[in-house]
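# A closer look at the structure
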Amino acid sequence: MAGGGQDTPQSTMNLLLGTILLLLVLPDAARGQDSCAALKRGDKHHWCCNMTVELEERGNGTPSLDLPRRCSELGHSGSSACTCLRERWLRLLQSAGPALPDRLAGLKVLLLNVSRAVTRNVLITFSPTEGPRMLNMTEKSKAGKIQLPREIFRSLSSRTVRVVVTVLNIQQLGMFKEINQTGQVLNDTVVGIMVGETSISGLRDPVQLTFAHRQLPHGVTQQCVFWDVSRGQAGGWSSSGCITQPGDEGTVCSCDHLTFFTLLLNPALDRSTAQALMAVATAGCGVAMAFSIFTIAFCIFLRCRLRFEKTLRINLGLHVNLVGSLLLLNMAFLLNSGLSNGTQPWTCKVLGGLTHYCLLCCFTWMVLEGCHFYLLFVKVLGTYIHHYLLKLCLVGWGFPVLVVGVAGVIGSYGEYCIQTMDHQVIARLCWITSKRLLVHYITNCGYFGLIFLFNMAVFGVVTQKSCCLQGTGVVQRDRKAWKVALVAVGLFCLLGATWAPVFLTHGTSSAPMLYLFTILNSLQGIFIFIWLVVLYYPKMKETTGSLSHIIRHDKTATVSQD
């Protein structure tokens, strides 16, 4: 942290210019000097906002407080003149004279003189309407709160130090707006903190700001940020050096430096991203439905051709049911996206339950495929299940009925709206309502999480078993070890890995994962069709496309179906 007796390059320039303005509090105090020093290069005079900007602040080169409202160029231009003028305006803002709040709408200021020998942290409360004020240790406030650690004051050389806290409304000021900004500033409020006349950074005991708020809209992520003048063309929000601690009634920001802070509300989806994802998903579902039909027809053809191979027929039967669940899921999604707008409440509930049922069927057949692999590769001794495939069908298609029935009884289905932070509707779907999101987390996220872990474990066992069989020469004799690996890897990837990106779709950087998740699952029907054709069709007569050639060498393997 910079001490009070150290002269930064910025303070040296201010002394030479003879100004009484305080330094702009930023992590790098020299940046303001560098931007104005760029005016030395080329012409001596530069223009911004129809005024001359010189190296020294004189004449009409000194900005007025209401300049951002009169000149939009100041907020977005990246020229050297505008950058210098912008930083001079910020320093003028931070000077916080006694009459400054009366001269500039949207600004509220608190001036304090704090002793270096202070024994407690300095507490300040603030709100967008009332501005900042001192807060007693015993006083409880539901407004925002600032906690300045005493470490800041003890490291300074002067006996007393001036503390300036500003609360700004960026809509009224017309500043602190990042170009192409997707997030929204909470209550349009920015808090500026300055202690002394030096840049303070690298605090061991961070300054804490608590931004009070009500329950935020679903799909919004809080992020503590500060204004970085070096970001982008005209400055931008950065989270470097700040830690975000979200809460239901307030978010705590712990930062290791002093500057202008705010709480940025980042939407999980903006309108353009949501519309693009819906378009990709709709097109992908249409293609996947066509290839799912091809896959089912191909599997039925193979079952007819290889009707004497029971293990192979069971494998194909499982694949048919899995692809059938994917076909129904794609159909339900297309119906949902096409009929959700303007439907009757009861129709939307039925459509939401149908979509949920198809999704659960898809998950259930994934885990049944994993169980089948476990029986083939691990439980091969004396394994006999009467009406094996029929029982799998009862579980695969029957278990989701129970889950959807319970969810329907408690009123979980209805219209689900994807909204922006200003409550503009991006898309409407018939799905689990926002009031019953716990049902979604348990029956969808939790259920698939367990399935994914189970299939991962089965994949490890299958890989280890295949290696053992290859080492004993069982598979070498048929020279089809690559097919065994292809079956294992193909099923693991198609039935598990394509859904795994859903766990990475939380936060401000989730858009790429959402695109990846949407594309992979929209094309899952194509992947399965290609996998089956490559694996089964060339060697139908040898029946080596399935795992039956391995089981055949184990005389104790009796997984069958009557």
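Read on for an overview of the structure. (Residues numbered from 1 in each chain as written. Predicted model: local features only at pLDDT ≥ 70, side-chain atom pairs only at ≥ 80, totals over all residues. Heavy atoms only, no water.)

## With respect to the nonpolar core
- Among the nonpolar cores identified, the biggest contains 52 residues, and Phe 363, Met 366, Leu 392, Trp 499, Leu 532 and Tyr 536 are the most heavily contacted of them.
- Only helix 9 (271-305), helix 10 (310-339), helix 11 (345-377), helix 12 (388-409), strand 16 (413-419), strand 17 (425-432), helix 13 (437-472) and helix 16 (524-536) provide two or more residues apiece to this core.
- Counting residues per element, this core draws most heavily on helix 11, at 12 residues.
- Listed in part, the 36 residues of the second largest apolar core include Ile 146, Leu 203, Phe 261 and Leu 263. (Core = buried A, V, L, I, M, F, W, Y, C linked by side-chain atoms within 4.5 Å. Buried < 20%, exposed > 50% of the residue type's maximum accessible area, 1.4 Å probe, protein only. Helix = DSSP H or I, 4+ residues; strand = E, 2+ residues; numbered from the N terminus.)

## Observations concerning the pattern of salt bridges
- Applying the stated criterion to the full structure yields two salt bridges.
- Across the salt bridge formed by Glu 178 and Arg 231, the nearest N and O atoms sit 3.5 Å from each other. Residue Glu 178 is located in the loop between helix 8 (170-173) and strand 8 (184-185), and its partner Arg 231 is located in the loop between strand 11 (220-228) and strand 12 (236-238); the two are separated by 53 residues in the primary sequence.
- We classify Arg 231 as partly exposed; its relative accessible area is 40%.
- Note that Glu 415 is salt-bridged to Arg 428, the shortest N-O span being 3.4 Å. Of this pair, Glu 415 sits in strand 16 while Arg 428 sits in strand 17, and the two are 13 residues apart along the sequence. (Salt bridge = Lys/Arg side-chain N within 4 Å of Asp/Glu carboxyl O.)

## What to know about the pairing of strand 7 (residues 160-169)
- Of all the 10 residues making up strand 7, seven are buried; the element is thus mostly covered by neighbouring parts of the structure.
- Two elements, strand 3 (residues 107-115) and strand 7, share nine bridges in a ladder whose sense is antiparallel. Looking at strand 7, one finds that Asn 113 is bridged to Arg 162.
- The pairing of strand 7 with strand 9 (residues 189-195) spans seven bridges and is classified as antiparallel. Across the sheet, the residue bridging to Val 164 is Met 194, located in strand 9. (Pairing = 2+ DSSP bridges.)

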